[in-house]
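Descriptive structure summary
Chain residues, written in single-letter form:
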Amino acid sequence: MNYFVIAFWVLMPTLIIGGLIWAAHVERKRKESLQQLAQELGMSFADVLSDHDQGVLIGFALGQRGHSRKHFNAMTADSGELRMVVFDYAYTIGGGKNKQRHTQSVVLLTCPSLYLPAFSLAPETFLDRMAEMLGYKDIDFDDDEEFSRRYLLKGPDEAAIRDYFTRERRQAFLKWPKLTIEAAGHSFIFYEARKRRPPEEAKQLMEQGFAVYSMLEQGSRL
């Protein structure tokens, strides 16, 4: 009798179940920490996004990416003039043995008096540069080589995006080299791809949200 095979089949289910229990424990502690933080900051907390915020999210590329999408741990502050939601978002790419689950912290901001051109701005990767060589172009600026090299900028109205991305705005974005920002109309989201921030960094994430909003809203109000 092969005792190694028997041990494998006895231990493997135990390890899998133990891993699932530990993962559930970690998620429960994270939720509790974020609930407590929301209470301390005078924010509301919900297990999922509101219907309205879900509708905004689905309008962005992130909200349509992959499958088995899930939004959870939503902390919301709403002054009437500005609504900020900080939440966890997960989706799956592929299937079977090639399945990958991605989770990130996302900040969603909505301001009724804000009006932004539809665009997505993301750190430009080696694969993006290879795609450009094959003819897939993004929006570059001849007078700003650093910004054009660092960022992949896309959107349906190139003229409006070029007008919006003044040199001052391009310089401001260089302070956040890892952020992906998607914007349209009254709302925008930002996140670091596949990075979920620990609860103790939630306040820092919100401060960053206000900084990005302040930069985006200059000259962009209705």
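First, a word on scope: everything that follows refers to the structure included in this document.

**A word on the overall build of the protein**
From N to C terminus, the protein includes 7 helices and 8 strands. When each of the 222 residues of the protein is scored for burial, the buried share is 40%. Considering only residue pairs separated by 6 or more positions, the protein has 67% of its internal contacts joining residues 24 or more positions apart. Carbon together with sulfur atoms contributes 57% to the accessible area of the protein, which is approximately 13,000 Å² in total.

**Brief notes about the layout of surface pockets**
Counted as a void, the largest pocket has a volume near 460 Å³. Lining the largest pocket are 18 residues, with Arg65, Ala122, Thr180, Tyr191 and Ala193 sitting closest to its centre. Contributions of two or more residues to the lining of the largest pocket are made by β5 (116–123), β6 (151–154) and β7 (180–185). With 4 residues, β5 is the largest single contributor of residues to the lining of the largest pocket. Here the lining of the largest pocket is composed, by residue class, of 8 nonpolar, 4 polar and 6 charged.

**Some details on helix α2 (residues 51–58)**
All of the buried residues in α2 are Asp53, Val56 and Leu57. The arc that holds every buried residue of α2, seen down its axis, measures 100 degrees, which confines them to one face. Buried-residue contacts for α2 involve β3 (83–93), β4 (100–110) and β8 (187–191).

**Details of the sheet that holds β4**
In spatial order, the strands read β1-β2-β3-β4-β8-β7-β5-β6; together these 8 strands make up an open sheet with antiparallel pairing. Here the strands that pair on one side only, and so sit at the sheet edges, are β1 (44–46) and β6. Averaged over all adjacent pairs, the angle separating strand axes in this sheet is 20 degrees, with direction ignored. Here β5 pairs with β6 via 4 bridges, running antiparallel. Residue pairing in the sheet places leucine 121 in a bridge with leucine 153 of β6.

**Observations regarding the nonpolar core**
In terms of nonpolar packing, the biggest core is built from 39 residues, with Phe119, Phe165, Phe173 and Phe188 touching the most fellow members. The element best represented in this core is helix α7 (residues 202–217), accounting for 7 residues. Setting aside residues up to four positions removed in sequence, phenylalanine 188 forms contacts with Phe60, Val107, Leu108, Leu109, Leu114, Leu116, Ile181, Glu182, Ala183, Val212, Tyr213 and Leu216. If you look at the next biggest cluster of nonpolar residues, it comprises 14 residues, including Leu62, Phe87, Val106 and Ile189.

**Focus on the pattern of salt bridges**
Evaluation of the coordinates by the stated rule reveals 15 salt bridges. The partner of arginine 150 in a salt bridge is glutamate 146, with the nearest N and O atoms 3.0 Å apart. Separated by 4 residues within a single helix, arginine 150 and glutamate 146 lie in helix α4 (residues 145–150), roughly one turn from each other. Given a relative accessible area of 32%, arginine 150 falls into the partly exposed group. Given the relative accessible area of 31%, glutamate 146 is considered partly exposed. Note that arginine 162 is salt-bridged to glutamate 158, the shortest N-O span being 2.9 Å.

Reading guide: rules and limits
Residues numbered from 1 in each chain as written. Predicted model: local features only at pLDDT ≥ 70, side-chain atom pairs only at ≥ 80, totals over all residues. Heavy atoms only, no water. Helix = DSSP H or I, 4+ residues; strand = E, 2+ residues; numbered from the N terminus. Buried < 20%, exposed > 50% of the residue type's maximum accessible area, 1.4 Å probe, protein only. Contact = heavy atoms within 4.5 Å. Areas by Shrake-Rupley, 256 points an atom, 1.4 Å probe, with all protein chains shown as cover. 1 Å grid on protein atoms, 1.4 Å probe; cavity = no way out; pocket = protein on both sides within 12 Å on 5 of 7 lines; lining within 4 Å. Points joined across faces, edges and corners; volume = space filled by probe spheres on them. Nonpolar A, V, L, I, M, F, W, Y, C, P; charged D, E, K, R; others polar. Arc of directions from axis to C-beta. Pairing = 2+ DSSP bridges. Axes fitted to C-alpha atoms, helices over the stretch in contact; angles between N-to-C directions. Core = buried A, V, L, I, M, F, W, Y, C linked by side-chain atoms within 4.5 Å. Salt bridge = Lys/Arg side-chain N within 4 Å of Asp/Glu carboxyl O.

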